[in-house]
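# Coordinate analysis (summary)
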Amino acid sequence: MKHISIAIDGPAGAGKSTIAKKVAKDLGFIYVDTGAMYRAMALYFIQNAIKADEAARIEAACDHINVSIQYIDQVQQVLLNGENVNHLIRTDEVGQMASASSVNPKVRLKLVELQRQLALDQDVVMDGRDIGTYVLPSADIKIYMTAGSRERAHRRYKEFLEKGMECNLDQIEKDILVRDERDMNRDFAPLKQAEDAVYLDTSNMTIEEVVTKIIELYNKKKEN
Ligand code: DC
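The paragraphs below set out a description of the structure included in this document. Along each chain, residue indices are assigned from 1 in the same order as the chain's sequence is written. Only residues with pLDDT of at least 70 are given local features in this predicted model, and only at 80 or more are side-chain atom pairs given and counted; all residues enter the totals for whole chains, interfaces and linings. Just so you know, side-chain values use all the structure's heavy atoms and leave hydrogens and water out.

### Remarks on helix α4 (residues 92–101)
We count it as follows: Partly exposed residues are those whose accessible area sits between 20% and 50% of the maximum for their type, while under 20% is buried and over 50% is exposed, using a 1.4 Å probe and protein chains only. Numbering of helices and strands runs from the N terminus, with a helix taken as a DSSP run of H or I at least four residues long and a strand as a DSSP run of E at least two residues long.
For α4, the tally of buried residues reaches 8 of 10 residues, placing the bulk of the element in the interior. Residues V94, G95, Q96, M97, A98, S99, A100 and S101 constitute the buried set of α4.

Structure representation (structure tokens):
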């Protein structure tokens, strides 16, 4: 049986993971967070003092990295060489390193097979940067989700404050813009809207409105 896949791509802080998680829960699908996989690889590079511009060292390190995932209570856990690193990958440092190291095709190709296999095995909502364009070009529904950079920075700012982390709104916006620029302009599988993706600017939409819109698209597709 062919499984259903919903691909959600977009820039940092657009709300992809919040929305993807809810859509997956409502439809009974698995949520696959591909950014977390790039973050796990980035963590390895940081832990081994490998810099983002050291392409040869990054490529050599790829042979020593194994990324896999598990689900505990339906929450994705990323394992880096067998160790659960979920609690270590949500920092800005790891996010920037993930963006910088993921320009390397060897890093990307290491994760793409895992991502494709997950979608072959079950119904998924998968989010990332290149899901609709490269990882799952035949996805049943494709969404390109974005919002203005100030709005995205605000959302991140609120998240950090809720976690009791110190942060600065202007700095967060700057970091987001640096990441967008790199993610959109790399040579291999850059972030861009797939031709058949639905464009959703969530700047003035509530989470519920976005979730409802995607489920409507899915139901419409099912009818045809
Ligand atoms: O979604 P995120 O913030 O967790 O992603 C971190 C970085 O990983 C992002 O800036 C670029 C990279 N990434 C990617 O290149 N392709 C993906 N499918 C997912 C993430």
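### What to know about the site of the ligand
Stated precisely, the cut-off is as follows: The nearness test applies per residue and asks whether one of its heavy atoms lies within 4 Å of the molecule or strand. Under this definition, polar contacts are N or O atom pairs within 3.5 Å; protein pairs additionally need one hydrogen-donor-capable and one acceptor-capable atom, and for neighbouring residues in sequence, both atoms have to be side-chain atoms. Using the Shrake-Rupley algorithm and a 1.4 Å probe, accessible areas are obtained, with residue cover drawn only from the displayed protein chains. Residues are sorted three ways: Asp, Glu, Lys and Arg are charged, Ala, Val, Leu, Ile, Met, Phe, Trp, Tyr, Cys and Pro are nonpolar, and all the rest, Gly among them, are polar.
Close contacts around the ligand come from 16 residues, with R39, R108, R179, D183 and R186 the closest. Measuring from a nitrogen atom of the ligand, one finds a side-chain N or O atom of D130 at 2.9 Å. Between an oxygen atom of the ligand and a side-chain N or O atom of D183, the distance comes to 2.8 Å. Its free accessible area being 450 Å², the ligand has 96% of it covered by the protein chains. Looking at the shell around the ligand, the elements that each hand over two or more residues are α2 (34–47), α4 and α8 (169–185). The leading source of residues in the shell around the ligand is α2, at 4 residues. Counted by class, the shell around the ligand contains 3 nonpolar, 5 polar and 8 charged residues.

### Thoughts on the packing of α4 against α8
Cut-off, in case you're wondering: Lines fitted to the C-alpha atoms define the axes, with helices restricted to the stretch that makes contact. Angles between their N-to-C directions range from 0 to 180 degrees. Note on terminology: angles under 35 degrees are roughly parallel, angles over 145 are roughly antiparallel, angles of 65 to 115 are roughly perpendicular, and the others are oblique. Handedness of a crossing is defined here by the sense of rotation of the near helix relative to the far one, left-handed for an anticlockwise turn of less than a right angle and right-handed for a clockwise turn. The criterion used for residue contact is that any of the two residues' heavy atoms lie within 4.5 Å.
The geometry of α4 relative to α8 is characterised by a closest axis approach of 9 Å and an angle of 20° between their N-to-C directions. Between α4 and α8, the angle falls in the class roughly parallel. Crossing handedness for the pair α4 and α8: left-handed. Where α4 abuts α8, its residues D92, G95, Q96, S99 and A100 lie against D175, V178, R179, R182 and D183. When the residues that make up the contact of α4 with α8 are grouped by side-chain class, the tally is 2 nonpolar, 3 polar and 5 charged.

### A few points about the sheet that holds strand β5 (residues 83–84)
Our working definition: Two strands qualify as a pair provided DSSP detects at least 2 bridges between them.
Pairing in this open sheet of 3 strands is antiparallel, and the strands run β3-β4-β5 from one edge to the other. The sheet terminates laterally at β3 (67–72) and β5, the two strands that pair on one side only. Those strands touched by α2 are β3 and β4 (75–80), and its axis lies near 30° from that of β4.

### Considerations on the layout of surface pockets
Worth spelling out the cut-off: The way it works is a 1 Å grid over only the protein atoms, where trapped points that fit a 1.4 Å probe form a cavity and open points with protein on both sides within 12 Å along at least five of seven lines form a pocket, and then any residue with an atom within 4 Å of a point lines it. Grid points are joined across faces, edges and corners, and a volume is the space filled by probe spheres set on the points.
The volume enclosed by the second largest pocket comes to roughly 210 Å³. For the second largest pocket, the full set of lining residues is K2, H3, S5, R116, A119, L120, V135, L136, P137, S138 and A139. The dominant element in the lining of the second largest pocket, judged by the number of residues it contributes, is helix α5 (residues 105–121), at 3 residues. Split by residue class, the lining of the second largest pocket holds 6 nonpolar, 3 polar and 2 charged.

### With respect to the pattern of salt bridges
Opposite charge on two side chains allows them to pair when their charged atoms are near. So the rule is basically this: Put simply, a salt bridge is a Lys or Arg side-chain nitrogen that is within 4 Å of an Asp or Glu carboxyl oxygen.
The full count for this structure, using the stated rule, is 14 salt bridges. A salt bridge links D33 to R90; the shortest N-O distance between them is 3.0 Å. With D33 in strand β2 (residues 30–33) and R90 in the loop between β5 and α4, the pair connects residues that are 57 residues apart, well separated along the chain. Taking relative accessible area as the criterion, D33 reaches 13% and is therefore assigned buried. Judged by relative accessible area, R90 falls into the partly exposed class, the value being 37%. Of the charged contacts in the structure, one is a salt bridge between R155 and E151, with a shortest N-O distance of 3.0 Å. One end of the pair is R155 and the other is E151, both in helix α7 (residues 149–162) and 4 residues apart, which spans about a single turn. Classification of R155 as partly exposed rests on a relative accessible area of 22%. Through salt bridges with shared partners, a single ionic network connects R129, D183 and R186.

### What to know about empty space enclosed by the protein
Inspection of the entire model under this criterion finds 1 cavity of 30 Å³ or more. In this model, the largest cavity occupies a volume close to 60 Å³. Lining the largest cavity we find D92, Q96, R156, F160, I172, D175, I176 and R179. For the lining of the largest cavity, the elements supplying multiple residues, two or more each, are α4, α7 and α8. The leading source of residues in the lining of the largest cavity is α8, at 4 residues. Residues of the lining of the largest cavity, tallied by class, amount to 3 nonpolar, 1 polar and 4 charged.

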